[in-house]
Amino acid sequence: MKKTNEISSAELCVMQVLWEEKSPMCVQDVMDRLPQNKWEYRTVATLLMRLCEKGAANVEKQNKVNFYTPVL
């Protein structure tokens, strides 16, 4: 299977939350700001991890909690 750096529509929803906040956010922060809160915690965590792998977001660990910021 070919890996792509394109951002999916689900990942774009998460990126929009990161862009609006302009400060590092943990998974729960992102979940709280998603419209209709339609995804489980693990789903949002996976989307954030994929965005980091694609270079669209950065992750920094503080006190055992991951905080995400947009790169794009």
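With that settled, consider the nonpolar core. The biggest cluster of nonpolar side chains holds 19 residues, and the ones touching the most others in it are V14, L18, V27, V30, W39, V44 and L48. Looking at this core, the elements that each hand over two or more residues are α1 (9-21), α2 (27-33) and α3 (41-53). For V27, the contacting residues outside a window of four places in its chain are Y41, V44, A45, L48, N66 and Y68.

Quick reminder: α-helices carry 3.6 residues per turn. Residues three or four places apart thus point the same way. In this model α1 runs 19 Å from its N-terminal to its C-terminal C-alpha over 13 residues, within 8% of the 18 Å that 1.5 Å per residue would give. Buried within α1 are the following residues: A10, E11, V14, M15, V17 and L18. Projected onto a plane normal to the axis of α1, the buried residues spread over an arc of 155 degrees and lie on a single side. α1 presents S9 and E20 as exposed residues on the side facing more than 90 degrees away from its buried surface. Looking at the buried side of α1, the elements it contacts are α2, α3, β1 (57-62) and β2 (65-70). Positive phi appears at K22, one or two residues downstream of α1, with a value of about 65 degrees.

Conventions adopted
- Residues numbered from 1 in each chain as written.
- Predicted model: local features only at pLDDT ≥ 70, side-chain atom pairs only at ≥ 80, totals over all residues.
- Heavy atoms only, no water.
- Core = buried A, V, L, I, M, F, W, Y, C linked by side-chain atoms within 4.5 Å.
- Buried < 20%, exposed > 50% of the residue type's maximum accessible area, 1.4 Å probe, protein only.
- Helix = DSSP H or I, 4+ residues; strand = E, 2+ residues; numbered from the N terminus.
- Contact = heavy atoms within 4.5 Å.
- Expected span 1.5 Å × (residues − 1).
- Arc of directions from axis to C-beta.

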